[in-house]
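Structural overview for review
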Amino acid sequence: MQNEYGIAPSRRLGFMGPLLLFVLLFVAGCGVMACVFLRAAAVSTRAESYNAAVSLCRSEAECWRAGQLRGQSETEPLYFDRELAPADADNAAYCLWIAQSVEPTAAGQLQTAVITACTPAGEEIYRIEAQAYGPQGE
């Protein structure tokens, strides 16, 4: 049986199966690649946040050890924006908490500071402990 063009219907639709299979595989491949790129973007964002938190904590630990702490209490954090510049609480991307303790020893005192970098929502990113030894009464 043939149509008005002289082509059998089974021959006319014979190329549709492989074409549909190709389109389906192409769309699936595009979906997999999109997932890979989205995952890479999430890992990159997390790594950027971690690196910034490490930099902030180490910088503040060095300031603390040098005795140049930025004058906040343990109940008020320091706030920083994405460029690691000081910021107010509304525009902050990171906040830094510092908990200090002093342990007397026989020849002086051991001062310890635990510096924690968090997101403004309170999720901890990085924590470092710094210690300095000094004479009594410092």
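Residues numbered from 1 in each chain as written. Predicted model: local features only at pLDDT ≥ 70, side-chain atom pairs only at ≥ 80, totals over all residues. Heavy atoms only, no water.

Among the 10 residues of strand 3 (residues 109-118), eight are classified as buried, and the element is accordingly described as predominantly covered. Between strand 2 (residues 94-104) and strand 3, which pair antiparallel and follow one another directly, the connecting turn spans four residues. Pairing between strand 3 and strand 4 (residues 124-134): 10 bridges, direction antiparallel. Residue pairing across strands places T112 opposite Q131, the latter belonging to strand 4. (Buried < 20%, exposed > 50% of the residue type's maximum accessible area, 1.4 Å probe, protein only. Helix = DSSP H or I, 4+ residues; strand = E, 2+ residues; numbered from the N terminus. Pairing = 2+ DSSP bridges.)

Right, let's talk about the state of the cysteines for a bit. Scanning the entire structure with this criterion turns up zero disulfides. Unpaired in terms of disulfides, C57 finds its nearest cysteine sulfur in C118, a separation of 8.4 Å. (Disulfide = S-S within 2.5 Å.)

Enumeration over the complete set of coordinates arrives at one salt bridge. Between R127 and E124 there is a salt bridge, with its nearest N and O atoms 2.9 Å apart. The class of E124 is partly exposed, set by a relative accessible area of 42%. (Salt bridge = Lys/Arg side-chain N within 4 Å of Asp/Glu carboxyl O.)

Membership of the largest hydrophobic core comes to 21 residues, with the highest contact counts inside it found for C57, F80, Y94, L96, I115 and Y126. At the level of secondary structure, the elements contributing two or more residues to this core comprise helix 2 (16-65), strand 1 (78-80), strand 2, strand 3 and strand 4. No other element matches helix 2, which puts seven residues into this core. Setting aside chain neighbours within four positions, we find I115 in contact with C57, E60, A61, L96, W97, I98, Y126, R127 and I128. (Core = buried A, V, L, I, M, F, W, Y, C linked by side-chain atoms within 4.5 Å. Contact = heavy atoms within 4.5 Å.)

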